[in-house]
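Now for the letters of each chain:
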Amino acid sequence: MKTVDIVVPCYNEEAVLQIFVETTDSYINKISGYKFRYILVDDGSRDKTFSVMRSLAKEHSNVKYISFARNFGKEAAMYAGLKNSSGDYVIVMDADLQHPPAMIADMIKGIEEGYDCCAARRTSRKGESKIRSFFSRNFYKFSNKITDVKMPYGAVDFRIMSRQMVDAVLSLSEVQRFSKGIFSWVGFETKWLPYENVERTIGTTKWSFWGLFKYAIDGITAFSVAPLRFISLLGLIISGLAFIYALIVLFQTLIFGIDVPGYATTLIITLFLGGIIEFSVGILGEYIGRIYMETKKRPIYLTKSTNINDESDFGDIDYSDFNEDL
Ligand code: UDP
Ligand code: MG
């Protein structure tokens, strides 16, 4: 019998977690031939998420939890779940039921067709603010143009992966993780399943506009050095223009003699160049900051409490051997 781990990052999801497990159970219990196990990752929640997890684990032998020492972010939570997984397949999904558990059956069917990954793609964004959709759409367009990784528009973090793909994802050891890019970077064949956006009915989104903006910058810098190339090009173009202007001034002086206007021109050019230099230093800084954080080699997450190594994973199969490195 094949085993499937369901990794669920949770941050302040006390209101929905119980319903999430019950709803998902009602779908996975209908799928025969597979054993499912939940790996719930409490990403330093400030509410009662962790106690809900513990009581779920008491009720269901296939509920495992990992609780972080503080909030490390969804990326870290997904990584922790994947790292602690041992199933033949691993599903990653959100706790808020925006990722329809009804799709799990189709995802398993997809991966059994021979794909290494079967992932969900939103075809609509109903219920989402217009501004967010606008920026999101343009981010995908822009980042697909300048980075090596191609992320289909509407791709979400709801997917099933084969063991081989999970191991590949884990082999990328960067601390600042951008999973959407990593999933695409590792390659393997992905089958996309379209679905209609589901609005969050319980709890609230954990994203702010500023958070999403930073996420977009992370995505671009993690997979592309195009901005660096862009500032080199900008420098080259400005130097070229300056050279042409120098020639013009030279001939003007030779023909008309020395003239001393140009206060405004000098000021404008100085400010303009100052702006461009600051902008370029800023871009350099984005990369240097990331190099700095990466060289510290800090752990991606810190565990406060877990039951992942306890007995009775996947019902009756003992997987403790698989987790000996933990
Ligand atoms: N999440 C997390 N850590 C965070 C923020 C979010 O683990 O710091 C989880 C959250 O509990 C949820 C998933 O990531 O299961 C997606 O978050 P959310 O629904 O807020 O994002 P959205 O669906 O609006 O993109
Ligand atoms: Mg959500």
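Residues numbered from 1 in each chain as written. Chains lettered and ligands numbered in written order. Predicted model: local features only at pLDDT ≥ 70, side-chain atom pairs only at ≥ 80, totals over all residues. Heavy atoms only, no water.

1. Quick word on the coordination of the magnesium ion (ligand 2)
To keep it simple, the criterion reads: Note that water is not among the atoms considered, so a metal site may appear incomplete; the donors listed are N, O and S atoms within 2.8 Å of the metal, with 3.2 Å applied to Na, K and Ca. Burial status follows relative accessibility: with a 1.4 Å probe on protein chains alone, a residue under 20% of its type maximum counts as buried, one over 50% as exposed, and anything between as partly exposed.
Distances from the magnesium ion (ligand 2) to its protein donors, namely Asp96 (OD) and Gln98 (OE1), fall within the range 1.8 to 1.9 Å. Classification of Gln98 by relative accessible area gives partly exposed; the value is 21%.

2. A closer look at the packing of aromatic side chains
What counts is decided by this rule: Under the pairing criterion, centres of Phe, Tyr and Trp rings, with the six-membered ring standing for Trp, must be within 6.5 Å; the plane angle then separates stacked pairs below 30 degrees from edge-to-face pairs above 60, leaving the rest tilted. In this text, helices come from DSSP runs of H or I with a minimum length of four residues, and strands from runs of E with a minimum of two, each type numbered from the N-terminal end.
Enumeration over the complete set of coordinates arrives at 13 aromatic pairs. When the ring of Phe68 is compared with that of Tyr301, the centres are 5.0 Å apart and the planes differ by 15°; the resulting orientation is stacked. On the criterion of sequence distance, the pair formed by Phe68 in strand 3 (residues 63-68) and Tyr301 in the loop between helix 10 (263-295) and strand 8 (303-306) is long-range, its members being 233 residues apart. When sorted by exposure, Phe68 lands in the same class as Tyr301, which is buried.

3. Concerning the pattern of salt bridges
Rule in force here: Salt bridges are defined as contacts in which a side-chain nitrogen from Lys or Arg sits within 4 Å of a carboxyl oxygen from Asp or Glu.
Across all of its chains, the model carries nine salt bridges by this definition. With a closest N to O distance of 3.8 Å, Asp106 and Lys109 form a salt bridge. Placement of the pair is Asp106 and Lys109 together in helix 4 (residues 104-112), with a separation of three residues, close to one helical turn. By relative accessible area, which is 40% here, Asp106 ends up partly exposed. Accessibility expressed as a relative area gives 56% for Lys109, which makes it exposed.

4. Describing the site of ligand 1
The line we're drawing: Proximity is defined per residue: if any heavy atom of the residue lies within 4 Å of a molecule or strand, that residue is considered near it. Contacts described as polar in this section are N or O atom pairs within 3.5 Å, which, within protein, must combine one atom able to donate a hydrogen with one able to accept it, while residues neighboring in sequence count only if both atoms come from side chains. Accessible surface is estimated by sampling points in the Shrake-Rupley manner with a 1.4 Å probe; for residues, cover comes only from the protein chains shown. Residue type decides the class: Asp, Glu, Lys and Arg count as charged, Ala, Val, Leu, Ile, Met, Phe, Trp, Tyr, Cys and Pro as nonpolar, and the leftover types, Gly among them, as polar.
As a structural note, the neighbourhood of ligand 1 is formed by 17 residues, with Glu13, Asp43, Asp96, Thr205 and Lys206 the closest of them. Contact between ligand 1 and Asp43: a nitrogen atom at 2.6 Å from a side-chain N or O atom of the residue. The side chain of Gln98 places a nitrogen or oxygen atom 2.8 Å from an oxygen atom of ligand 1. When ligand 1 sits alone it has 530 Å² of accessible area, and the protein chains cover 89% of it. In terms of residue class, the shell around ligand 1 is made up of five nonpolar, four polar and eight charged.

5. Re helix 5 (residues 130-146)
Cut-off, in case you're wondering: Expected helix span is given by 1.5 Å per residue-to-residue step, counting one fewer step than there are residues. In this context, the arc is that of the directions from the helix axis out to the C-beta atoms. A contact between two residues is defined here by any heavy atoms of the two lying within 4.5 Å.
A rise of 1.5 Å per residue sets the reference length of helix 5, with its 17 residues, at 24 Å; its end C-alpha atoms lie 25 Å apart and thus fit the reference within 8%. For helix 5, the complete set of buried residues consists of Ser133, Ser136, Phe139, Tyr140, Ser143 and Asn144. Down the axis of helix 5, the smallest arc covering the buried residues is 125°, so these residues share one side. Exposed residues lying more than 90 degrees from the buried face of helix 5 are Lys130, Ile131, Lys141 and Lys145. Check the buried side of helix 5 and you find it contacts strand 6 (155-162), helix 7 (179-185) and helix 8 (209-223).

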